[in-house]
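# Fold and geometry: a report
Below are the chains, spelled out letter by letter.
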Amino acid sequence: MSAQTSENFKTPDEETSASRKELQYPNPLLVHKFYREGLKPQILRMALLLNVFSPLRDGPQNAKKVAKACNANETGMSFLLDSLCAFGFLDKNKQEYQLTATSSMFLIPEQASYVGNWVLEQTNPTIFLNMLDTLRNGEPFFPNMPWHELAWLESYDTSRFDESLEMWEIAGIDVNKQNEVRIGDLACGCGITSFAYASCNKYAQITCVDNQKVLDVAQNLAERMDITSQVTYIPQNLHDVEFVDRCYDIVLLSNITNFFSPEKNIDLFQRLYSALEHNGQLIINVTMAPPNMINEHVNLYSLILWAITGTSFYHFDLYKDWLSAAGFVEVKLLSNLWLSAKKAM
Ligand SMILES: C[S@@+](CC[C@H](N)C(=O)[O-])C[C@H]1O[C@@H](n2cnc3c(N)ncnc32)[C@H](O)[C@@H]1O
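Keep in mind it's a predicted model, so treat the numbers as computed, not measured.

## Comments concerning the sheet that holds strand β2 (residues 90–93)
Sheet strands associate in pairs through backbone hydrogen bonding, adopting either a parallel or an antiparallel arrangement. With antiparallel pairing, the three strands of this open sheet are ordered in space as β1-β3-β2. Edge positions in the sheet fall to β1 (61–62) and β2, since each of these pairs with one other strand and no more. Looking at chain direction, β1 and strand β3 (residues 96–99) are connected through two bridges and run antiparallel. When the bridges of β3 are listed, N62 appears paired with E96. Across the face of the sheet, helix α5 (residues 74–87) comes into contact with β2 and β3 while running at roughly 110° to β2.

As structure tokens, then:
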């Protein structure tokens with residue numbers, strides 16, 4: 001259960017008109033859709049718990065051999081493996097199953113890029129029982145997220161590269177200009193947003209802050225993007241980092257401020273104001289939902305955010321208040337997801 005935020009959403013008007021149909025005539029498909037959507041994740045969960053992918057890492061095998069290696073029933077295993085073929089995690093040739101590029105990269109526990117724990121955490125029935133408790137008692141339950149596994153997935157998501165370049169452009173930053181720019185990518189994950197910039201401007205220097213396991217993924221991506229000499233790493237909680245005054249020209253906070261309480265964000269923005277060079281720029285990438293918005297993505301993840309951390313998707317006006325109080329000027333909403341603010345000259 002995470003609260004990734006990089007998704008555009010419709011305006012309140014569009015949403016309201018769509019849901020009005022449900023008021024007029026009962027829709028059984030809406031009910032079917034909901035429990036059916038829950039089936040596929042649980043099948044993948046069972047496949048991971050049985051560890052069905054590992055026996056295939058050295059080449060194709062039939063269901064009998066996989067069942068034996070997983071200590072499972074052969075008939076059930078052939079149904080399970082066929083389902084995994086239909087989902088795209090396996091391929092079947094005659095009676096033998098083989099890994100796809102996706103399963104061999106992400107679903108083999110022996111691989112550094114294994115993300116099975118992330119999937120198991122997202123599909124864990126206990127998490128939903130914890131959430132039920134939170135709904136009853138109002139106390140967030142702070143699950144332990146294997147963030148480095150999410151970072152592996154993000155690091156192979158090519159659409160994020162293009163989105164990142166679009167973000168820099170809309171923020172008024174010319175990525176192709178070859179000039180010295182110091183960027184702090186705080187809570188960087190795999191770092192793809194700032195690395196997209198660094199891959200265009202060879203003089204950009206990125207400082208990545210996150211935990212060590214996540215930074216290992218960022219380092220791997222920096223190698224794949226051939227920008228290793230442009231990146232340094234600080235394995236630390238960003239609330240504890242003692243930033244040197246005016247050490248960055250740009251600071252990026254991507255998909256993170258929604259996890260912090262208002263107090264933590266206010267404190268962070270004050271510290272980042274000092275950390276930025278005069279005329280430096282702070283860019284925030286996060287869903288900024290207007291109050292009372294009805295939108296599937298926003299409402300679902302608002303509930304999840306509240307349950308796991310007690311926070312929410314803050315509205316742009318709140319960010320503007322916090323940033324202005326910290327001294328920032330030119331606080332601008334660039335899109336549903338992007339905000340830019342400047343430190344005065
Ligand atoms: C949703 S991911 C976003 C990663 C990346 N910025 C992106 O947009 O893809 C949140 C990241 O924040 C990191 N994180 C959460 N709290 C943090 C903290 N207090 N200090 C440093 N990193 C933190 C997590 O480890 C995780 O990598």
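On we go.
## A few points about the site of the ligand
Close to the ligand lie 19 residues; W147, A187, G189, S254 and N255 are nearest. For the shell around the ligand, the per-class residue count stands at nine nonpolar, eight polar and two charged.

## Things to note about the domain arrangement of the chain
Here the domain parsing of the chain yields domain 1 (38–137) and domain 2 (147–342). One C-alpha centre belongs to domain 1, the other to domain 2; they are set 33 Å apart. Contacts between domain 1 and domain 2 engage seven residues on the former and five residues on the latter. Breaking the side of domain 1 that touches domain 2 down by element, the ones donating at least two residues are α7 (116–122) and α8 (125–137). Among the residues making up the side of domain 1 that touches domain 2, the classes are represented as four nonpolar, three polar and no charged.

## Focus on the pairing of strand β6 (residues 231–235)
Direction of pairing for strand β5 (residues 204–210) relative to β6: parallel, over a ladder of five bridges. Paired with D210 across the strands is P235, a residue of β6. Tracing the backbone out of β5, into helix α12 (residues 212–224) and back to the parallel element β6 gives a crossover that is right-handed.

## Observations regarding the pairing of strand β10 (residues 338–342)
In terms of burial, β10 is largely enclosed, as four of its five residues are buried. Of the strand pairs in this sheet, strand β8 (residues 276–285) and β10 are connected by five bridges, and their pairing is antiparallel. Across the sheet, residue Q281 finds its bridge partner in β10, namely K342. As consecutive antiparallel partners, strand β9 (residues 329–333) and β10 are separated by four residues.

## Description of the sheet that holds strand β7 (residues 248–254)
Strand order in this open sheet of seven strands is β6-β5-β4-β7-β8-β10-β9, and the pairing throughout is mixed. Looking at the sheet topology across the chains shown, the edges are occupied by β6 and β9. The sheet shows a mean angle of 15° between the axes of neighbouring strands, direction not considered. Relative to β5, strand β4 (residues 181–186) is paired through six bridges, and the arrangement is parallel. Bridged to D185 within β5 is C208. Along the sheet face, helix α15 (residues 316–326) touches β8, β9 and β10 and points at about 165° away from the line of β9.

## Here's the deal with unusual backbone geometry
At K94, a residue that is not glycine, the phi angle is positive and equals roughly 55°. Summarising the element assignment, K94 is placed in the loop between β2 and β3. In this model, F142 sits at a positive phi of 45°, which is unusual for a non-glycine residue. With respect to the secondary-structure elements, F142 resides in the loop between α8 and α9 (147–155). By C-beta crowding, F142 is classed as exposed, having 11 other C-beta atoms within 10 Å.

What counts, and at which threshold
- Residues numbered from 1 in each chain as written.
- Predicted model: local features only at pLDDT ≥ 70, side-chain atom pairs only at ≥ 80, totals over all residues.
- Pairing = 2+ DSSP bridges.
- Helix = DSSP H or I, 4+ residues; strand = E, 2+ residues; numbered from the N terminus.
- Contact = placed C-beta atoms within 7 Å.
- Axes fitted to C-alpha atoms, helices over the stretch in contact; angles between N-to-C directions.
- Near = placed C-beta within 6 Å.
- Nonpolar A, V, L, I, M, F, W, Y, C, P; charged D, E, K, R; others polar.
- Domains from an automatic or database assignment.
- Right-handed = clockwise from strand over helix to strand, strands pointing away.
- Buried ≥ 20, exposed ≤ 12 C-beta atoms within 10 Å, placed from the backbone.

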